[in-house]
Amino acid sequence: MYLSEDTAPAPGPATAVLTGLGAWLPPHEVTNDELCAHLDTSDTWIRERIGISVRHRADPKTATGDLAAEAGARALRSAGVTGADAVVLATTTPDHPCPATAPDVAARLGLGNVAAFDIAAGCSGFLYATTVAAGLIRSGTAGRVLVIGAETMSAIIDPEDRSTAPIFGDGAGAAVLEAGRPGQAGSLGEVVWGSDGARTDAIVIPVGGARNRDGRDAAPKSERHVRMRGNEVLRHAVRRMTTAANQAAAAAGWAPKDIDRLIVHQANARISAAVSEALGIPPERVPSNIATVGNTAAASIPLLLADAAADGTLRPGHRVLLVAFGSGLAWAATTLVWPAGLRPER
């Protein structure tokens, strides 16, 4: 049942249509030179191996909910609406282990007593969240859903770990999905997603949850921050994203030559290049903002969409293929035709 008449879909089967985009980055930038002052690495190595020059970091008083609320408000304004029937927040860095962060964000946005919940799917979180939102719309449970990807990765990385500290940044991106007609520009295509739980320790915070709780207070600092086996993650990321992207494109009836823009989770510039090469999509069709924002995990896809739409890289009618991969291990891919008139607020 819809909570308001203005979110009810047109007659016929409903599909989720993208109508608004918002993005927010903490103002403080951390350069490679700043990191290199206390890490055994160099600006050249970070830029050449990862593709990052600058990342944004939230101050200690700013949490994921703050970033999410900023991005969510901007997405609602971008869509020209003030309400939503549900809020789905994708994050690996909630404000608290309990409760979820989404209800607080919904309240701060003045959305009333709407359904609001978190999804933890790592860097694939935003695409997982949009898939859930699309299901709510298709089932008739909601007519408009605010989907947010927000991360304060600086809260879970070890600043002395050269394998993670240069990679991750903080930020938030949000999208408004509304009930529309199948085939309408902006409607989400079929989703291909999956996970490989046999490799959960490839990207993991070993202690701090219900597992290993007896020793968490005495655990060394390295066990309380995210740890990643970079080479293993890179290998699986390229393979899984390539397969999922091919399947999502095939479901839309698209060949590689038909794809105007490939939106890849901004994990590592080499990963994005390897995926585009494997798919046969030329580099000029693969936007990137990793150099200036870093890996923002669940916020990565909406931040890139907002940037690409704002600078004209994404244009109405473009066939867009989106794909992500992250902890879990989890991955997802989907498609849409870029709609006219969508102006992101950044």
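Conventions and cut-offs
- Residues numbered from 1 in each chain as written.
- Predicted model: local features only at pLDDT ≥ 70, side-chain atom pairs only at ≥ 80, totals over all residues.
- Heavy atoms only, no water.
- Helix = DSSP H or I, 4+ residues; strand = E, 2+ residues; numbered from the N terminus.
- Buried < 20%, exposed > 50% of the residue type's maximum accessible area, 1.4 Å probe, protein only.
- Expected span 1.5 Å × (residues − 1).
- Pairing = 2+ DSSP bridges.
- 1 Å grid on protein atoms, 1.4 Å probe; cavity = no way out; pocket = protein on both sides within 12 Å on 5 of 7 lines; lining within 4 Å.
- Points joined across faces, edges and corners; volume = space filled by probe spheres on them.
- Nonpolar A, V, L, I, M, F, W, Y, C, P; charged D, E, K, R; others polar.
- Axes fitted to C-alpha atoms, helices over the stretch in contact; angles between N-to-C directions.
- Contact = heavy atoms within 4.5 Å.

Q: How should I be thinking about the environment of Ala210 in this particular structure?
A: Position of Ala210 relative to the elements: it lies in the loop between β9 (203–204) and β10 (227–228). Take Ala210: its relative accessible area is 59%, and that puts it in the exposed class. Sequence separation between Ala210 and Asp161 is 49 residues, and the spatial gap between their C-alpha atoms is 24 Å.

Q: Would you take a moment to explain helix α3 (residues 64–79) for this structure?
A: Taking 1.5 Å as the rise per residue, α3 with 16 residues should run 22 Å; its terminal C-alpha atoms sit 22 Å apart, in good agreement. With 13 of 16 residues buried, α3 is to be regarded as a mostly interior element. Looking one or two places after α3, you find Gly80, whose phi comes out positive at around 75 degrees.

Q: Would you explain the pairing of strand β6 (residues 144–151) in this entry?
A: On a regular strand, one side chain projects to one face of the sheet and the next to the other, so that they alternate. Counting buried residues along β6, eight of its eight residues qualify, which places the element largely inside the surrounding structure. Neither face of β6 is left uncovered, since the one carrying Arg144, Leu146, Ile148 and Ala150 and the one carrying Val145, Val147, Gly149 and Glu151 both have all their residues buried. Across five bridges, strand β4 (residues 86–90) lies against β6 in parallel orientation. Residue pairing across strands places Leu89 opposite Ile148, the latter belonging to β6. Here β6 runs beside strand β7 (residues 171–180); their pairing, made up of eight bridges, is antiparallel. Bridged to Ile148 within β7 is Ala174.

Q: Would you take a moment to explain the layout of surface pockets for this structure?
A: To find the voids left in a structure, one rolls a probe of water-molecule size over its atoms. Taken as a whole, the largest pocket spans an internal volume of roughly 920 Å³. Lining the largest pocket are 45 residues, and of these Phe168, Ile203, Val226, Met228 and Ser327 lie nearest its centre. Take the lining of the largest pocket: its biggest share by element is six residues, from helix α6 (residues 230–252). In this structure, the second largest pocket encloses a volume near 640 Å³. Looking at the second largest pocket, it is lined by 21 residues, and the ones nearest its centre are Thr92, Pro97, Ile205, Gly208 and Gly209. Grouping the constituent residues of the lining of the second largest pocket by class yields nine nonpolar, nine polar and three charged.

Q: Mind showing me how you'd approach α6 here?
A: Residues that lie three or four places apart on an α-helix share one face, since the helix turns once every 3.6 residues. A rise of 1.5 Å per residue sets the reference length of α6, with its 23 residues, at 33 Å; its end C-alpha atoms lie 32 Å apart and thus fit the reference within 8%. Here α6 has its buried residues at Glu232, Val233, His236, Ala237, Val238, Met241, Thr242, Ala244, Ala245, Ala248 and Ala249. Gly253 lies just past α6 and shows a positive phi near 80 degrees.

Q: Whenever I open this one, the sheet that holds strand β11 (residues 261–264) confuses me. Can you help?
A: Strand pairing in a sheet relies on backbone hydrogen bonds. The paired strands run either parallel or antiparallel. In spatial order, the strands read β8-β13-β12-β11; together these four strands make up an open sheet with mixed pairing. The strands lining the two open edges of the sheet, one partner per strand, are β8 (192–195) and β11. Put simply, the sheet's adjacent strands are angled 10 degrees from each other on average, direction ignored. Taken together, the four bridges between β11 and strand β12 (residues 319–326) define a ladder with parallel strand orientation. Note that in β12 the partner of Ile263 across the bridge is Leu322. Set on the sheet, helix α9 (residues 300–310) makes contact with β11 and β12; between it and β11 the angle comes to about 145 degrees.

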